[in-house]
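Each chain is listed here by its residues.
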Amino acid sequence: MALNHIGPGFIPRWCIFQPLREAIPNTRPYRFGVPVDDLTLQQVADELGVHYMTAYRYVRLGQLEAVKVGGVWRVSRQALDAFRAVPVEPASSRRQRQAPWSERLEARLLVGDATGAWGVIESAMAGGVAVGDVYTDVLSPALRQIGERWAAGDIDIAVEHRASGIATRIVGRLGSRAVRRGRPRGTIVVGSPSGERHALVVAMLADLLRLEGWDVCDLGADTPSESFVHVLSTMDDVTAVGLSVTDPSCLDACAATCAALHRAGVSAPIYVGGQAIVSETHADELGADGYAADAATLVRLLEGGRRTAV
Ligand code: B12
């Protein structure tokens, strides 16, 4: 990320990497690593005719793109023009719900702005987005986009890790709101097999099931099959087990967990899901009892006493 903001002007004339200096197209003039036409927040506030704090809020809520350079927010002329191009209309709850929350969150996650990221979540919820929809329609798409950027080589792994850290804190804060009043509909044990490190996925799945009124025992990511067996042997009345696999290299470990649970005589049906599992046939091959692509499908299957969506 930072490299985007180190322009040719940042490379001193005496630089031994003179060829590098020449290779970078000098499209924008730079001074001390910052494009000279970038604006400070005060300049943005002046141009928009708003208070400095209002401009700051636009940035923290992800409405106005900005980057921090040396502790100071900088806004490109292009970002300011894009912000201005969005018509200001009276807020309606429908429009608020449909605002581009996910893109705004992604922008905050990419620059490592934890406060701003939470600000986007709070604004989305204030605009009427329910906690479950924050997971499925705001946070998950933002994370998937970040994954795409990483896979395409557009961002460094460190940026992705930093974004995951902020996302983990967001899920931690939202978790306390993932409750539904009334008697639980049953208990579901969720977790990921050995080697699978995508813990956020399991945490979100657990909360989505809690929001549907289920008691959830979340064993988290990278859980050995013996631990699944141990926990299930100590619990009564488990309605189902949900195994989550995101990394395809953990599919064998998933099959091993299914086998270990069946060997141990666990009677609760084992459902598998997650990005690495592609179909019911695939789930069957892994030795699972059923397949569900998402929390809502699993709930429907459990309500209908069925193991497959067909
Ligand atoms: C964050 C992240 C990480 C973090 C995880 C941190 C954490 N604490 O979770 C870290 C840095 C550890 C990581 C590591 C790796 N990652 Co990663 N990661 C991601 C990223 C960006 C987001 C994951 C996420 O939270 N997604 C959001 C969730 C909510 O999405 P979801 O899958 O739709 O989940 C829902 C449903 O699937 C469903 N569901 C899931 N499980 C189950 C189970 C049941 C029973 C049911 C009913 C439903 C269900 O409910 C969920 C909630 O709604 C993804 C990008 C992506 N596309 O997701 C890459 C991604 C998954 N990672 C990827 C890779 C390659 C890796 C690494 C192999 C990289 C490496 N070389 O080290 C390692 C693998 C580590 C391992 N062995 O697990 C690839 C996987 C590609 C592939 N198919 O092979 C992805 C897709 C990035 C990409 N575009 O290439 N990663």
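Thresholds, definitions, all that
- Residues numbered from 1 in each chain as written.
- Predicted model: local features only at pLDDT ≥ 70, side-chain atom pairs only at ≥ 80, totals over all residues.
- Helix = DSSP H or I, 4+ residues; strand = E, 2+ residues; numbered from the N terminus.
- Buried ≥ 20, exposed ≤ 12 C-beta atoms within 10 Å, placed from the backbone.
- Contact = placed C-beta atoms within 7 Å.
- Near = placed C-beta within 6 Å.
- Nonpolar A, V, L, I, M, F, W, Y, C, P; charged D, E, K, R; others polar.
- Pairing = 2+ DSSP bridges.
- Axes fitted to C-alpha atoms, helices over the stretch in contact; angles between N-to-C directions.
- Core = buried A, V, L, I, M, F, W, Y, C linked by C-beta atoms within 7 Å.
- Domains from an automatic or database assignment.
- Parallel < 35°, antiparallel > 145°, perpendicular 65-115°, else oblique.
- Left-handed = near helix turned anticlockwise from the far one by under 90°.

### Quick look at the overall build of the protein
When you go through the protein residue by residue, the secondary structure sums to 14 helices and ten strands. Within the protein, buried positions represent 34% of all 310 residues. Here the contacts in the protein between residues at least 6 apart in sequence split such that 66% fall between residues at least 24 apart.

### Some words on the environment of His262
Inspection of the secondary structure assignment puts His262 in helix H12 (residues 251-263). A sequence separation of 26 residues divides His262 from Ala288, and the C-alpha atoms of the two residues are 9.3 Å apart.

### A few points about the site of the ligand
In the vicinity of the ligand lie 39 residues, with Gly147, Gly242, Ser244, Gly273 and Gly274 positioned nearest. Listed by contribution, the elements that provide at least two residues to the shell around the ligand are helix H8 (131-151), helix H9 (157-175), helix H10 (199-211), strand E8 (238-244), strand E9 (270-273) and helix H14 (295-304). Among the elements that line the shell around the ligand, the one with the most residues is H8, at nine residues. Here the residues of the shell around the ligand are counted per class, giving 18 nonpolar, 14 polar and seven charged.

### Things to note about the sheet that holds strand E10 (residues 290-291)
Read across the sheet, five strands follow the order E7-E6-E8-E9-E10 without closing on themselves; strand pairing throughout is parallel. The two strands at the open ends of the sheet, each matched to only one other strand, are strand E7 (215-218) and E10. Bridge count for strand E6 (residues 187-191) against E7 is four bridges, and the pairing is parallel. Bridge pairing links Val189 to Cys217 in E7. Of the strands in this sheet, E6, E7 and E8 touch H10, which is tilted by about 165° from E7.

### Topic: the nonpolar core
Within the largest apolar cluster, 62 residues are counted, with the highest numbers of intra-cluster contacts made by Leu105, Leu139, Leu205, Cys254, Tyr271, Val272 and Ala288. It is H10 that provides the largest number of residues to this core, a total of nine residues. Lining this core are residues from two domains, each supplying at least three of them: domain 1 (90-177) and domain 2 (187-304). If sequence neighbours within four positions are ignored, Cys254 has contacts with Pro193, Leu243, Val245, Val272 and Leu286. Judged by nonpolar contacts, the second largest core, of twelve residues, contains Leu41, Ala55, Val67 and Leu80.

### Digging into the packing of H8 against H10
With their axes 9 Å apart at the nearest point, H8 and H10 run at an angle of 150° to one another. Taken together, the axis directions place H8 and H10 in an arrangement best described as roughly antiparallel. Seen from above, H8 lies across H10 with left-handed handedness. Counted together, Val131, Gly132, Tyr135 and Ser140 of H8 and Met204, Asp207, Leu208 and Leu211 of H10 form the full contact between these two elements.

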